[in-house]
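Okay, here's what each chain looks like letter by letter:
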Amino acid sequence: MAVQLDTLISLCKRRGFIFQSSEIYGGMAACYDYGPLGVELKRNVRNAWWRAMVQERADVEGIECSILMHPDVWRTSGHVENFTDPLVDCKSCRGRFRADHVANYRARYRVSENGGTREEELGPEIPSKVFRDAQKIDFLGSPTHCPTCGNAELTAPRLFNLLFKTNVGPIEDASSVVFMRPETAQGMFVNFENVRGTMRRKLPFGIAQIGRSFRNEITTKAFIFRTLEFEQMEMEFFCKPGTDEEWYRHWVAERFNWYLRYGIRRENLRLRQHDKDELAHYSRMCHDVEYNFPMGWGELEGIAHRGDYDLSAHMKATGKDLQYFDPETNTKYTPYVIEPAAGVDRTVMTFLIDAYAEETVLDRPRTVLRLHPALAPIKVAVLPLLKKRGEIVEICQRLVTAFKQHWPAVYDDTAAIGKLYRRQDEVGTPYCVTVDVDSLEDGKATVRERDTMEQERIELDRLEEYLTERIVLAPPKVEERVEV
RNA sequence: GCGCGUGUAGCACAAUGGUUAGUGCUUCGGCCUUCCAAGCCGAAGAUACGGGUUCGAUUCCCGUCACGCGCUCCA
């Protein structure tokens, strides 16, 4: 039985993982802040991805691009053109229509630009230039009758576009409109030649990036599953046409197995291949990695075969040559691209849900996050069994100072030992080190493991080595690997 | 974006058109205890925001915001 979302949200807030954004002002819809523990968990997720996708591989380079890019990038990619149609909703039958599909509709727009205002009859289709240049488009005309139910219950037309716009420069002049990137991928495409050239790369190779993206979604959903501002982990893998299907299968398997490696239960994961009519315009094939969330199956990551769509589009738009010269065959071609694209926030949420467990220990409830040690926000807690004994506290302080050189570590003496253990269980701390009176005699401390609650006496000067073996070198939680 | 529902302390809940809004957990201080949420004493802490009805609103009404569920949408 999976944890209820409410329960998880409550724990996230109570223990400093995730807060509602701008909470004291009443909240900001679909925006969330990561608290002290959440920020550690999230960074660990990023690092785990980067480790698997860049550090451990010989064929992928990293990059970090600016969120603001030349506006033409998004025209070339198709993001500006799509979803710029004005849409109307029928309040009666709840249908939604493109305004220009509703009969007898002629719209007028008030366009503010260059400090002045002019009114134009532009018709239902808004040219992208107007959309780009206009600070504000007012709909002065409006359709009235719903084509489905015939009732005069249509809302005023509204522009529907997922791109966030903002202005460069302090004056809101029309010429300064730019977009907040809706995906990180375009940064890799426009830097393809920079990375290939400076890193002296031959095909195949990939460019990976982790960063924020922004989508002005109509509908938000389920906690941090869909937010307006979110973080992506994307990699564009450039390869020779003809080898693309093999690489596609490689990356689908590789990405699915990554989730197993960090402990997501096999039965809560599935691969789903997109039907042909479901594919995006640039996409030839696509598999989603899906997780069985409390609210149903949801997409964690998409592995898409983008063909040569993006590089070709950028070549056409800029006139630059982004083809690859293959020295072995002495030919030029446009690389094909395989793109695994994952959401950091969704992945964080998934790890939290999958790790959450409630048990009964000695007739007492225990809540525990069974996070992989590499992901746990706090790696080790140092606890004194007797806080009144100065020698014991002294040893604890010495240990925690030493541990902090390697990992996030905490010291806590504000409750009885049982409660201290439960506190750490609830935030997923994999190991607790407890110093007691015997420690003063035998030079050992008790190491208590989170999942089994088993204890082991370890020499004080062996603790760092002991914990390193279990935290840094922690094996995959799920050994099973999937072939595609 | 539509419909339905919800909003009381950090968390989970209770109560009420009228005295000081109650309980558990949590947190903090103290005593005691010392290897799995023990006990005792004490403390801090709330009616989402705005308006209306009323002598009086946390309670009734309206709006806003946020969250949940369903639909819709979705690169």
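What you see is a predicted model; the values in this text were computed from it and never measured.

A. Layout of a nonpolar patch on the surface. A surface patch of nonpolar side chains, about 220 Å² in accessible area, is lined by Leu385, Leu386 and Val437. Turning to its location among the elements, Val437 is positioned in helix 12 (residues 437-442).

B. Molecular detail of the packing of helix 10 (residues 390-403) against helix 13 (residues 463-471). Interhelical geometry of helix 10 versus helix 13 gives an angle of 45° and a closest axis separation of 11 Å. In terms of their interaxial angle, helix 10 and helix 13 are classed as oblique. For the pair helix 10 and helix 13, the crossing hand works out as right-handed. On helix 13, the residues that touch Leu399, Ala402 and Phe403 of helix 10 are Leu463, Glu464 and Leu467. Across the contact of helix 10 with helix 13, the residue classes break down as five nonpolar, no polar and one charged.

C. Local environment of the pattern of salt bridges. According to the stated counting rule, one finds 37 salt bridges in the structure shown. Among the salt bridges present, the one from Arg212 reaches Glu231, with a minimum N-O distance of 3.9 Å. Note that Arg212 is positioned in strand 12 (residues 205-214) and Glu231 in strand 13 (residues 229-239), a separation of 19 residues in sequence. Residue Arg212 is classed as partly exposed on the basis of its relative accessible area, which comes to 34%. Here Asp425 ties to Arg448 by a salt bridge, and the two come within 2.7 Å at their closest N and O atoms. Taken together, the residues span a long stretch of sequence, with Asp425 in helix 11 (residues 417-426) and Arg448 in strand 25 (residues 444-449) at a distance of 23 residues. For Asp425, a relative accessible area of 0% gives the class buried. Here the salt bridges share partners, and the residues they tie into one network are Glu359, Arg366, Arg370, Asp425, Arg448, Arg450 and Asp451.

D. Inspection of the protein's contact with RNA strand B at higher detail. If you check the shell around RNA strand B, you find 41 residues, and the closest are His79, Arg226, Leu385, Tyr421 and Arg423. When atoms of RNA strand B within 4 Å of the protein are split into backbone and base, the sugar-phosphate part holds 58%. Contacts to RNA strand B include Met453, whose backbone N or O atom sits 2.7 Å from a base nitrogen. Listing elements by their share of the surface near RNA strand B, those giving two or more residues are helix 1 (5-14), strand 21 (364-369), helix 11, strand 25 and strand 26 (455-459). It is helix 11 that contributes the most residues to the surface near RNA strand B, six residues altogether. Classifying every residue of the surface near RNA strand B gives 16 nonpolar, ten polar and 15 charged.

E. Molecular detail of the side chain of Glu449. Turning to its location among the elements, Glu449 is positioned in strand 25. Although Glu449 is buried, it forms no salt bridge, and the closest oppositely charged side chain is Arg450 at an N-O distance of 5.2 Å. If we skip the residues at most four places from it in the chain, Glu449 touches Pro430, Tyr431 and Glu454.

Calculation notes
Numbers given for residues are sequential positions, taken from 1 along each chain in its written order. Key to labels: chains lettered from A, ligands numbered from 1, both in the order written. Reporting of local features is limited, given that this is a predicted model, to residues whose pLDDT is at least 70; pairs of side-chain atoms are given and counted only at 80 or more, and all residues count toward the totals for whole chains, interfaces and linings. Processing note: side-chain calculations cover all non-hydrogen atoms of the structure and skip hydrogens and water entirely. Patch definition: residues above 30% relative accessible area lacking any salt bridge, with like charges linked at up to 9 Å and the nonpolar side chains Val, Leu, Ile, Met, Phe, Trp and Tyr linked at up to 5 Å. Residue-level accessible areas treat just the shown protein chains as cover; the underlying method is Shrake-Rupley with a 1.4 Å probe. The term salt bridge refers to a side-chain nitrogen of Lys or Arg lying within 4 Å of a carboxyl oxygen of Asp or Glu. Strands are runs of DSSP state E lasting at least two residues, helices are runs of H or I lasting at least four, and both sets are numbered from the N terminus onward. With axes taken as lines fitted to C-alpha atoms, and helix axes fitted only over the stretch in contact, angles between N-to-C directions fall between 0 and 180 degrees. An angle below 35 degrees is treated as roughly parallel, one above 145 as roughly antiparallel, one from 65 to 115 as roughly perpendicular, and anything else as oblique. Two helices cross in a left-handed way if the nearer one is turned anticlockwise from the farther one by less than a right angle. They cross in a right-handed way if the turn is clockwise. Here, two residues are considered to be in contact whenever any of their heavy atoms come within 4.5 Å of each other. Ten residue types, Ala, Val, Leu, Ile, Met, Phe, Trp, Tyr, Cys and Pro, are classed as nonpolar, four, Asp, Glu, Lys and Arg, as charged, and the remainder, Gly among them, as polar. Exposed residues in this analysis have more than 50% of their type's maximum accessible area, buried residues have under 20%, and partly exposed residues fall in between, with area computed by a 1.4 Å probe over protein chains only. The nearness test applies per residue and asks whether one of its heavy atoms lies within 4 Å of the molecule or strand. What qualifies as a polar contact is a pair of N or O atoms within 3.5 Å, subject to a donor-acceptor requirement within protein and to the restriction that residues adjacent in sequence count only when both atoms come from side chains. Only four residue types enter the tally: Lys and Arg on the positive side, Asp and Glu on the negative side; His and the chain ends are excluded.

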